[in-house]
Amino acid sequence: LGSTGHIRLPGYVRGRPGKIHSHHGAHLLADAGAKGIEVAEHLYTVAFEARDLWPEAENSIDMIYLDLWESYLEPRHS
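Presented here is an overview of the structure given in this document.

Conventions we followed
Each chain has its residues counted from 1, following the order in which its sequence is written. The predicted nature of this model means local features are confined to residues of pLDDT at least 70 and side-chain atom pairs, given and counted, to a pLDDT of 80 or more, with totals for whole chains, interfaces and linings taken over all residues. Here the side-chain values reflect all heavy atoms present in the structure, with hydrogen atoms and water set aside. Paired strands, as defined in this entry, are two strands with at least two bridges between them according to DSSP. Starting at the N terminus, helices and strands are each numbered in turn, a helix being any DSSP run of H or I of at least four residues and a strand any DSSP run of E of at least two. The axes are straight lines fitted to the C-alpha atoms, using for helices just the contacting stretch, and the angles between their N-to-C directions are given from 0 to 180°. Relative accessibility thresholds used throughout: buried, under 20% of the residue-type maximum; exposed, over 50%; partly exposed, between the two (1.4 Å probe, protein chains only).

What the 3 strands build is an open sheet, ordered β1-β2-β3; its pairing is antiparallel. Each of the sheet's edge strands pairs with one partner strand only, and the pair in question is β1 (19–28) and β3 (63–69). Taking the axes of each pair of neighbouring strands and ignoring which way they run, one obtains an average angle of 20 degrees across the sheet. Bridge count between strand β2 (residues 40–49) and β3: 7 bridges; the pairing is antiparallel.

Structure representation (structure tokens):
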């Protein structure tokens, strides 16, 4: 996901596969709030396998969990 300006999506997960772990409902979007705009967006905890993020973790069973806004997520193409 490309972006101009600051967003709270870590670069190391952009375009990487993850699975929705939990849904936290709609909350004020922090990125918009920083610009003085109040808009709600759904917030999810997304689980990523470490081996999908870093080549040196190819044998790892570690999981990384991040809270991400809906607009950060890209649909999975089957």
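On we go from here.
Within β2, 7 of the 10 residues are buried, which leaves it mostly tucked inside the rest of the structure. Direction of pairing for β1 relative to β2: antiparallel, over a ladder of 7 bridges. Within β2, the residue paired with I20 across the bridge is V46.

Keep in mind that these numbers describe shape and distance, not what the molecule does.
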